[in-house]
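Survey of secondary and tertiary structure
Okay, here's what each chain looks like letter by letter:
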Amino acid sequence: MNIQLRKLNDLDVGSFISWMNDESVLSLATGTSENFLESDLRKCFSKMINSSKDFHYAITLNDRAIGFASLIEDRYGGHKMQLMIGDKDCWAKGYDMEAVRQLVEKARELNNVKVYLEIRPESERSIAAFASYGFIPTKNKRYPKDGHFPRALKMELS
């Protein structure tokens, strides 16, 4: 598998906006196909590339961005993992699990053994894939103010 993680940069904003406004990508990631405002996406992307405490990466295949991945530091010193393959031609090819492996390596380089993620509780394929990697379901969470991601299943790396 020839994917790599590289730091997000300004050249990735177009792909990010495109993926975050693609109905099928959004539906898979958040369970809704409601689009974001481009101005909001640009602000979000700017915060990502300028963050001094979190780590945001483009997932690349042969130097072409196919998705993005993040390690976001929580207030307890752990890292929440976020990941999305936005290029639909790259779905169901194992790139996401290779990106997970590389993200976990990066978290361990930070001497952080607490790595977790949150996914949609009805996403059975994702739950099974992360469980096969060693993540275990620990908690159901609610985000009532988040129209795109109102419920989540927290899974921690065991």
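Reading the values: the criteria
- Residues numbered from 1 in each chain as written.
- Predicted model: local features only at pLDDT ≥ 70, side-chain atom pairs only at ≥ 80, totals over all residues.
- Heavy atoms only, no water.
- Buried < 20%, exposed > 50% of the residue type's maximum accessible area, 1.4 Å probe, protein only.
- Helix = DSSP H or I, 4+ residues; strand = E, 2+ residues; numbered from the N terminus.
- Pairing = 2+ DSSP bridges.
- Axes fitted to C-alpha atoms, helices over the stretch in contact; angles between N-to-C directions.
- Parallel < 35°, antiparallel > 145°, perpendicular 65-115°, else oblique.
- Left-handed = near helix turned anticlockwise from the far one by under 90°.
- Contact = heavy atoms within 4.5 Å.
- Core = buried A, V, L, I, M, F, W, Y, C linked by side-chain atoms within 4.5 Å.
- Polar contact = N/O pair within 3.5 Å; in protein donor to acceptor, adjacent residues only side chain to side chain.
- Nonpolar A, V, L, I, M, F, W, Y, C, P; charged D, E, K, R; others polar.
- Salt bridge = Lys/Arg side-chain N within 4 Å of Asp/Glu carboxyl O.
- Phe/Tyr/Trp six-rings, centres within 6.5 Å; stacked < 30°, edge-to-face > 60°.
- Lys NZ or Arg CZ within 6 Å of the ring centre and 35° of its normal.

Attention shifts here to the pairing of strand β7 (residues 151–157). Burial within β7 is extensive, with five of its seven residues counted as buried. Here strand β5 (residues 115–119) runs beside β7; their pairing, made up of four bridges, is antiparallel. Among the inter-strand pairings, I119 is bridged to a residue of β7, identified as L153. In the sheet, strand β6 (residues 135–142) pairs with β7 via seven bridges, with the strands oriented antiparallel. Within β7, the position partnered with F135 by the bridge is L157.

This part covers the packing of helix α4 (residues 95–109) against helix α5 (residues 124–133). Running from amino to carboxyl end, α4 crosses α5 at an angle of 45°, the nearest separation of the two axes being 11 Å. Considering their axes alone, α4 and α5 lie oblique with respect to each other. Crossing hand, α4 versus α5: right-handed. Residues M97, V100, R101 and V104 of α4 form the contact with α5, whose participating residues are A129, F130 and Y133.

Ranked by size, the top nonpolar core spans 27 residues in total, and within it I59, I66, M81, F130, F135 and M155 carry the most contacts. Counting residues per element, the ones that place at least two in this core are β1 (3–7), β2 (55–61), β3 (64–73), β4 (79–85), α4, β5, α5 and β7. The element best represented in this core is α4, accounting for seven residues. With residues near it in sequence (within four places) discarded, M81 still touches S70, L71, V100, L103, V104, V115, Y116, L117 and F135. Within the second largest apolar cluster, 16 residues are counted, among which are L8, I17, L26 and A58.

Of note, R120 is situated in the loop between β5 and α5. Between the C-alpha atoms of R120 and L28, which are 92 residues apart in sequence, the distance is 9.1 Å. A polar side-chain atom of R120 sits 2.9 Å from a polar atom in the side chain of E122.

Attention shifts here to the packing of helix α1 (residues 13–20) against helix α3 (residues 38–50). Two quantities define a packed helix pair, namely the angle between the axes and the distance from one axis to the other. The geometry of α1 relative to α3 is characterised by a closest axis approach of 10 Å and an angle of 130° between their N-to-C directions. By the angle class used here, α1 and α3 are oblique. Between α1 and α3 lies a crossing whose hand is right-handed. In contact with V13, F16, I17 and M20 of α1, α3 contributes E38, L41, R42, C44, F45 and M48. Counted by class, the contact of α1 with α3 contains eight nonpolar, no polar and two charged residues.

This brings us to the pattern of salt bridges. Per the counting criterion, the structure on display carries 12 salt bridges. Ionic pairing is found between K114 and D74, a salt bridge with its closest N-O pair at 3.7 Å. One end of the pair, K114, is in the loop between α4 and β5; the other, D74, is in the loop between β3 and β4, with 40 residues separating them in the sequence. By relative accessible area, which is 13% here, D74 ends up buried. K154 serves as the salt-bridge partner of E156, at 3.7 Å between the closest nitrogen and oxygen. Residue classification places K154 among the buried positions, given a relative accessible area of 12%.

Moving on: the packing of aromatic side chains. For the structure shown, the criterion picks out four aromatic pairs. With 5.8 Å between their ring centres and 75° between their planes, F130 and F135 make a pair best called edge-to-face. Judged by its relative accessible area of 9%, F130 is buried. Taken together through their ring pairs, the aromatic side chains of F16, F45 and F68 make up a single cluster. Cation over ring: K154 sits above Y116, and NZ or CZ is 4.4 Å from the ring centre.

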